[in-house]
Amino acid sequence: MERIAVIDFETTGISPGTGCRATEIAAVLVENGRVVDRYQSLMNAGVRVPAFIEQLTGISTAMLRDAPPAGQVMAEMADFVGDAPLVAHNASFDQKFWDAELALIGRERFQPFACSLLLARRLLPDAPNHKLGTLTRWAGLPATGQAHRALADAEMAANLLGHLHEQLTSHYGLPRVSHQLLCELQKVPAAKVGAFLARTADRAWHPVLGMPAAALTVRSRSGRR
DNA sequence: TGCCAGGCCCTCTTTAGGGCCTT
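Summary of the structure given here. (Residues numbered from 1 in each chain as written. Chains lettered and ligands numbered in written order. Predicted model: local features only at pLDDT ≥ 70, side-chain atom pairs only at ≥ 80, totals over all residues. Heavy atoms only, no water.)

### A short note on the nonpolar core
Link 1 in the chain: Judged by nonpolar contacts, the single largest core of 35 residues is most densely connected at Val6, Leu123, Leu160, Leu168, Leu182, Leu185 and Leu197.
Link 2 in the chain: Elements that contribute at least two residues to this core include exactly β1 (4-11), β2 (22-31), α5 (116-123), α6 (132-138), α7 (150-171), α8 (179-185) and α9 (193-204).
Link 3 in the chain: Element by element, the count of residues in this core is highest for α7, at 9 residues.
Link 4 in the chain: Apart from the residues within four sequence positions on either side, Leu168 is in contact with Leu123, Gly173, Leu174, Val177, Leu182, Leu185 and Leu197.
Link 5 in the chain: Core analysis: the next-biggest nonpolar cluster, separate from the first, contains 29 residues, Phe9, Cys20, Met43 and Ala45 among them. (Core = buried A, V, L, I, M, F, W, Y, C linked by side-chain atoms within 4.5 Å. Buried < 20%, exposed > 50% of the residue type's maximum accessible area, 1.4 Å probe, protein only. Helix = DSSP H or I, 4+ residues; strand = E, 2+ residues; numbered from the N terminus. Contact = heavy atoms within 4.5 Å.)

Shown next, in the form of C-alpha cells:
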C-alpha cells in the first residue's frame with residue numbers, strides 16, 4: 001500500500017458547526033505496512049475544555065494555554081502529511097474538523113479520506129462492536145498508550161488498518177490494496193462486499209500467467225526503459 | 001426559549017425510526 005496518513009483529533013465536542021474546536025491532533029505515516037513517521041501536538045484554539053471532555057481525554061484548559069496556536073499546528077500538520085491520502089476511524093468526524101481547522105488558516109484539503117470504521121464493519125462483521133478500542137483488543141493488536149489521546153488513537157487506527165490490509169490480502173486474496181480501493185470498498189453495501197472483493201481479486205490477477213496485474217504493469221514499464 | 005452533528009446501517013423500512021461511532 002502506498003504511503004498513507006492515519007490521523008486523529010481530540011476536540012472540545014462533537015461538531016465544528018456548533019463551535020467546537022480541536023484540542024490535539026496526531027498523524028502516523030504508514031508505508032508498506034510500517035510506521036515511518038509521527039506527528040502529535042496539543043493545539044490552543046483559545047477555547048475552554050468542557051469538564052466531560054477533560055474527564056474523557058485528560059486534556060484540560062490549563063494544558064492548552066501552553067500549547068502552540070491551533071493555526072500554527074494545523075499548518076505544520078498539513079505540511080507533514082503533504083499529499084498522502086488520509087485514514088481515520090469514523091472519518092466523517094475527523095474530516096469535518098480537518099476541513100474546518102484548515103479553512104481557518106485559508107487552506108483546504110485535496111486528498112480523500114478512507115474510514116476504518118466503515119471498512120471494519122464490512123471486513124470484521126463478527127466483532128462485538130466497532131469502537132476503535134474494542135477492535136484493537138478483539139483483533140489482538142498491540143496497546144498504544146492512553147486511549148482518547150490523539151497519538152495513541154492514531155496508532156491504534158494504523159494498527160487496525162494493517163489488520164484490515166492483512167484480511168484483504170490473506171483472506172480475500174487481493175495482491176495489492178490501494179487507498180482508492182479502500183475508498184471504493186467503504187461505499188459497497190455490506191451484503192455485497194464478498195462479491196465486490198471476488199470481482200476485484202479476479203481482475204487483479206492475470207488470467208493466464210497467474211501473476212498480479214499490478215506486477216505485470218511494473219515489469220512492462222521497466223522493459224520499455 | 002430551547003436546542004444544538006451527521007452519515008451509516010439495520011429493520012418490525014422504503015411516505016421511518018433508532019442505534020452506532022467519533023469528542
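### What to know about the protein's contact with DNA strand B
Link 1 in the chain: Taken together, the neighbourhood of DNA strand B is formed by 27 residues, with Glu10, Asn90, Arg122, His130 and Leu132 sitting nearest.
Link 2 in the chain: Within 4 Å of the protein, the contacting atoms of DNA strand B are 64% sugar and phosphate, with bases supplying the remainder.
Link 3 in the chain: In the environment of DNA strand B, a phosphate oxygen lies 3.2 Å from a nitrogen or oxygen atom belonging to the side chain of Asp153.
Link 4 in the chain: Where the surface near DNA strand B is concerned, the elements lending two or more residues are β1, α1 (51-57), α4 (91-103) and α5.
Link 5 in the chain: Taken together, the residues of the surface near DNA strand B break down into 10 nonpolar, 10 polar and 7 charged. (Near = heavy atom within 4 Å. Polar contact = N/O pair within 3.5 Å; in protein donor to acceptor, adjacent residues only side chain to side chain. Nonpolar A, V, L, I, M, F, W, Y, C, P; charged D, E, K, R; others polar.)

### Examining the packing of aromatic side chains
Link 1 in the chain: Counted by the stated rule, this structure contains 4 aromatic pairs.
Link 2 in the chain: Pairing Phe9 with Phe97 gives two aromatic rings, centres 6.2 Å apart and planes at 45 degrees, and the pair type is tilted. Here Phe9, found in strand β1, pairs with Phe97, found in helix α4; they are 88 residues apart in sequence, far enough to count as distant. Here Phe9 and Phe97 have matching classes, each one buried.
Link 3 in the chain: Plain terms: the ring middles of Tyr39 and Phe80 are 5.7 Å apart, the flat faces sit at 40 degrees to each other, and that makes the pair tilted. Taken as a pair, Tyr39 in strand β3 (residues 34-42) and Phe80 in helix α3 (residues 70-81) lie far apart in primary sequence, 41 residues in all. Comparing Tyr39 with Phe80, the two get one shared label, buried.
Link 4 in the chain: Members of the aromatic cluster, each reached through a chain of ring pairs, are Phe9, Phe93, Phe97 and Trp98. (Phe/Tyr/Trp six-rings, centres within 6.5 Å; stacked < 30°, edge-to-face > 60°.)

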